[in-house]
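# Structure assessment
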Amino acid sequence: MAAHLSYGRVNLNVLREAVRRELREFLDKCAGSKAIVWDEYLTGPFGLIAQYSLLKEHEVEKMFTLKGSRLPAADVKNIIFFVRPRLELMDIIAENVLSEDRRGPARDFHILFVPRRSLLCEQRLKDLGVLGSFIHREEYSLDLIPFDGDLLSMESEGAFKECYLEGDQTSLYHAAKGLMTLQALYGTIPQIFGKGECARQVANMMIRMKREFTGSQNSIFPVFDNLLLLDRNVDLLTPLATQLTYEGLIDEIYGIQNSYVKLPPEKFAPKKQGDGGKDLPTEAKKLQLNSAEELYAEIRDRNFNAVGSVLSKKAKVISAAFEERHNAKTVGEIKQFVSQLPHMQAARGSLANHTSIAELIKDITVNNYIEDCIARKHPLIKVLRLVCLQSVCNSGLKQKVLDYYKREILQTYGYEHILTLNNLEKAGLLKPQTGGRNNYPTIRKTLRLWMDDVNEQNPTDISYVYSGYAPLSVRLAQLLSRPGWRSIEEVLRILPGPHFEERQPLPTGLQKKRQPGESRVTLIFFLGGVTFAEIAALRFLSQLEDGSTEYVIATTKLINGNSWMEALMETPF
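A short tour of the structure in this document, coming up. Bear in mind that the values here come from a model prediction, so they are computed numbers and not experimental data. (Residues numbered from 1 in each chain as written. Predicted model: local features only at pLDDT ≥ 70, side-chain atom pairs only at ≥ 80, totals over all residues. Heavy atoms only, no water.)

### As for the nonpolar core
Grouped together as the largest cluster of nonpolar side chains are 156 residues, with contacts concentrated most on F82, L229, L429, L476 and F525. If you look at the next biggest cluster of nonpolar residues, it comprises 23 residues, including F64, I111, C121 and F134. (Core = buried A, V, L, I, M, F, W, Y, C linked by side-chain atoms within 4.5 Å. Buried < 20%, exposed > 50% of the residue type's maximum accessible area, 1.4 Å probe, protein only.)

### Looking at unusual backbone geometry
The omega angle of the peptide bond from V114 to P115 is 5 degrees, so this bond is cis rather than trans. With respect to the helices and strands, the residue P115 is situated in the loop between β4 (108-113) and α5 (119-127). The peptide bond linking R482 to P483 adopts the cis configuration, its omega dihedral lying at 10 degrees. Among the secondary structure elements, P483 is positioned in the loop between α19 (472-481) and α20 (489-494). You will see that N258, though not glycine, has its phi angle at about 50 degrees, which is positive. With respect to the helices and strands, the residue N258 is situated in the loop between β10 (256-257) and β11 (260-263). Given the relative accessible area of 14%, N258 is considered buried. At S467, a position not held by glycine, the phi torsion is positive, near 50 degrees. By secondary structure assignment, the location of S467 is in the loop between α18 (440-446) and α19. (Helix = DSSP H or I, 4+ residues; strand = E, 2+ residues; numbered from the N terminus.)

### Focus: the side chain of S350
With respect to the helices and strands, S350 occurs in helix α13 (residues 331-362). Those residues in contact with S350 that lie beyond four places of it in its chain are E293 and L295. (Contact = heavy atoms within 4.5 Å.)

### Some points on the environment of G68
Take G68: it is sitting in the loop between β2 (60-65) and β3 (78-83). On a C-alpha basis, the gap between G68 and I93 in space is 7.7 Å, while along the polypeptide they are 25 residues apart. Once residues within four sequence positions are removed from consideration, G68 is found in contact with I92, E95 and N96.

### Quick notes on the sheet that holds β4
The parallel open sheet is built from five strands, whose spatial order is β2-β1-β3-β4-β5. With partners counted over all chains shown, the strands left at the sheet margins are β2 and β5 (134-139), one partner each. The mean inter-strand angle of the sheet, taken between neighbouring strand axes irrespective of direction, is 20 degrees. For β3 and β4, the ladder comprises six bridges, and the chain directions are parallel. From the neighbouring strand, F81 faces β4, where its bridge partner is I111. (Pairing = 2+ DSSP bridges. Axes fitted to C-alpha atoms, helices over the stretch in contact; angles between N-to-C directions.)

### Quick notes on helix α22 (residues 561-568)
By the burial criterion, the buried members of α22 are G561, W564, M565 and L568. The arc enclosing the buried residues of α22, seen along the axis, measures out at 95 degrees, which places them on a common side. At its buried positions, α22 is contacted by α6 (159-164), α9 (237-240), α10 (246-254), α15 (380-393) and α17 (418-426). Residue N560 occupies the N-cap position of α22, its side-chain oxygen lying 2.9 Å from the main-chain nitrogen of N562. (Arc of directions from axis to C-beta. Polar contact = N/O pair within 3.5 Å; in protein donor to acceptor, adjacent residues only side chain to side chain.)

### Some details on the environment of L128
In this structure, L128 sits in the loop between α5 and β5. Note on L128: relative accessible area 33%, which makes it partly exposed. Taking the C-alpha atoms as reference points, L128 and K34, separated by 94 residues in sequence, lie 24 Å from one another. Other than its neighbours up to four places away in sequence, L128 contacts M90, D91, A94 and L98.

### What about empty space enclosed by the protein?
Within the structure shown, the criterion is met by three cavities of 30 Å³ or more. Approximately 70 Å³ is the volume attributed to the largest cavity. Lining the largest cavity, in full, are F147, D148, L151, E247, I256, S259, L289, Y296, R300, F532 and L558. Of the residues assigned to the lining of the largest cavity, the class counts are seven nonpolar, one polar and three charged. Every residue along the wall of the second largest cavity is listed here: L15, V19, S141, D143, L144, G178 and T181. Of all elements in the fold, only α1 (13-29) and α7 (170-186) reach the threshold of two or more residues within the lining of the second largest cavity. Residues that form the lining of the second largest cavity fall into these classes: three nonpolar, three polar and one charged. (1 Å grid on protein atoms, 1.4 Å probe; cavity = no way out; pocket = protein on both sides within 12 Å on 5 of 7 lines; lining within 4 Å. Points joined across faces, edges and corners; volume = space filled by probe spheres on them. Nonpolar A, V, L, I, M, F, W, Y, C, P; charged D, E, K, R; others polar.)

### So, the sheet that holds strand β8 (residues 191-195)
Remark on secondary structure: sheet strands pair via backbone hydrogen bonds, oriented parallel or antiparallel. One open sheet holds the seven strands; their spatial order is β6-β7-β15-β14-β9-β8-β13, and the pairing between them is mixed. Each having just a single partner strand, β6 (145-148) and β13 (499-503) make up the two edges of the open sheet. Going across the sheet, the axis of each strand differs from the next one's by a mean of 20 degrees, ignoring polarity. Strand direction decides the pairing type here: β6 and strand β7 (residues 151-153), joined by three bridges, are antiparallel.

### Examining the packing of α15 against helix α16 (residues 399-413)
Remark: α15 packs on α16, axes separated minimally by 12 Å, with the N-to-C direction vectors making an angle of 175 degrees. Considering their axes alone, α15 and α16 lie roughly antiparallel with respect to each other. Taken together, the residues of α16 that come into contact with α15 (itself represented by L380, V383, L384, V387 and Q390) are V401, Y405, I409 and Y413. Split by residue class, the contact of α15 with α16 holds eight nonpolar, one polar and no charged. (Parallel < 35°, antiparallel > 145°, perpendicular 65-115°, else oblique.)

### Examining the pairing of strand β14 (residues 520-527)
Burial runs high along β14: seven of the eight residues are buried. Bridge analysis of strand β9 (residues 226-231) against β14 gives six bridges, and the strand direction is parallel. Each residue of the ladder has a partner; that of L227, found in β14, is L523. Inspection of the sheet shows β14 paired to strand β15 (residues 549-555) by seven bridges, in the parallel sense. By the bridge assignment for β15, V521 is matched with E550. Chirality of the crossover, the property in question, places the unit of β14, helix α21 (residues 532-543) and β15 among those that are right-handed. (Right-handed = clockwise from strand over helix to strand, strands pointing away.)

Here it is in structure tokens:
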């Protein structure tokens, strides 16, 4: 069991165990020794579900990354390909299988599609003459992966582009399937609220799937009270702004991948006297970041300006704890001190790591003048974020300004980026003003998106995550909880896409009778991605003393402004 998945009202270990069981069952079908050939993108998400020890228990002896030509030599009976259903990967698999057949002796091949089987991919394998080589061709429904006690992600890197640019609903179908799996494990969710076109489609898919399974009634007492489905394009502004929470800044600057971050090694080198800084490590420092680490759980969602004081207090507490050893006189006292030592040493190591990370972040400064950034040839992604930010806040740019930015970007960074600019226009991030009314001031005022005098040390409002800006998406969730969306009907009509409410009737005996003071549990699903700053804001709402709602967050992908922009950029051939 992963302890950090079970600290909240919803025990996400139940989901983790369900997907682990499905994996074990598949591995056991392939009797004998095994080698797994991984689609490289899947190794990170799988690491959150099953460590190598579990695979070893089921006779997995070797693991390789999926690459062209021959596989490395392995004396095993079974070769299993774990892959996403992508046509280009089928070509590599066919190359691997054909080279193994020539090598001999005969192996048993199997393929596991994650998260769905694809007829197109199987047809490609057939055309390449290898489909018959596979004994098992199955799918592994890894739709939602538990990252933390209140966080789930599909880690579908192309979801936003597919939904909003290409009109491809595959990731929406996977989202609906993932939600049906959650309902099978945690009970039917009585109320579904949504905002946006994609949200409407996911809700429709869920209702249709439920109708198709009419035979069996879900008899599990519901854990969730509400589901809120939110389209990313309802709030395009939030991911463009620089996150100012500790975890958000780590992600902005270094990128957190599947709960791990790689950091420059020099700040983590042990300081030795008189070595003059020789032999500094060259390999990046890799750290896991989740709530299993006590200190990280405490500081991850704080505004970065409030982190220093927490680290300082922690340092004094740890130092005092180590000084206690001088006061231990009796055998019992010494024994007690020794028993606490591992925890104290872990706390000291954790403090050292986060002090180093804070120093790294502090060293980085941001310059926000667009023309200046282009002239100095700052990274293109930074420039695009700033231009899009200006466009979204002003309901578009004046045609003259838009043409100027486009011309400057193409002349400075290369004309191949015209495709990227086209994508940003399609996504609604970059557009000319149409002469209509700029609705942003109305939205900002009604939803109180800009707050003066924000207390970053002891916040009282979600706007602390951006030092004054409240994420629109989270404000919508907050207002749904109390006083309800009827109070903001005008704004909901201005924002893109429909807003709706659906009720899923529960069998008699499963209706929830809420105890006085008991908060509701709302599952909020971001279709198109969510940032760590938005997650921090929702956690803040969950922890409010007079808060009426506790949130569990699900998403198609954990994003920051850079990774979101990258997903929309076209790489020219």
